[in-house]
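A closer look at the structure
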Amino acid sequence: MFLKERKSGHLVQVVDLTELVNPLRSQVTGRYHHGEEEQEAEPFNKGDLVFPSGETLPGCWVDSHYRDDEIPSTGMGV
């Protein structure tokens, strides 16, 4: 899957999609997509990546607590 680095606009090929969708991981391993030669893999912060359209990554991919406010309170002080 290709994503875009927010600041530079360069395309980044994500090496392992399980890293991308795991909200407990703040980084993914990827490669810049430049020229014909395959680039070396390196870590990228998920916060620095967006979809090629400019849309941000889904909250469930970047925040492990994205649905915490939906958990009902038991009122038992736990």
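Keep in mind it's a predicted model, so treat the numbers as computed, not measured.

What counts and how
- Residues numbered from 1 in each chain as written.
- Predicted model: local features only at pLDDT ≥ 70, side-chain atom pairs only at ≥ 80, totals over all residues.
- Heavy atoms only, no water.
- Salt bridge = Lys/Arg side-chain N within 4 Å of Asp/Glu carboxyl O.
- Buried < 20%, exposed > 50% of the residue type's maximum accessible area, 1.4 Å probe, protein only.
- Phe/Tyr/Trp six-rings, centres within 6.5 Å; stacked < 30°, edge-to-face > 60°.
- Helix = DSSP H or I, 4+ residues; strand = E, 2+ residues; numbered from the N terminus.

1. Description of the pattern of salt bridges
Considering all chains together, one arrives at three salt bridges under this definition. R31 is the partner of E38 in a salt bridge, and the nearest nitrogen-oxygen pair spans 3.8 Å. On the basis of relative accessibility, which here comes to 62%, the residue E38 falls in the exposed class. Across the pair R67 and E70 runs a salt bridge, and its minimum N-O distance is 2.8 Å. Judged by relative accessible area, which is 45%, R67 ranks as partly exposed.

2. Let's talk about the packing of aromatic side chains
Aromatic rings considered in pairs are described by the distance between their centres and by the relative angle of their planes. Going through the model one piece at a time under the given rule, you end up with two aromatic pairs. Where F51 meets W61, the ring centres are 5.9 Å apart and the plane angle is 55°; that geometry is what we call tilted. With F51 in the loop between strand 5 (49–50) and helix 2 (59–62) and W61 in helix 2, the pair connects residues that are 10 residues apart, well separated along the chain. There is no split in this pair, since F51 and W61 are both buried.

The quantities given are spatial measurements derived from coordinates; they are silent on function.
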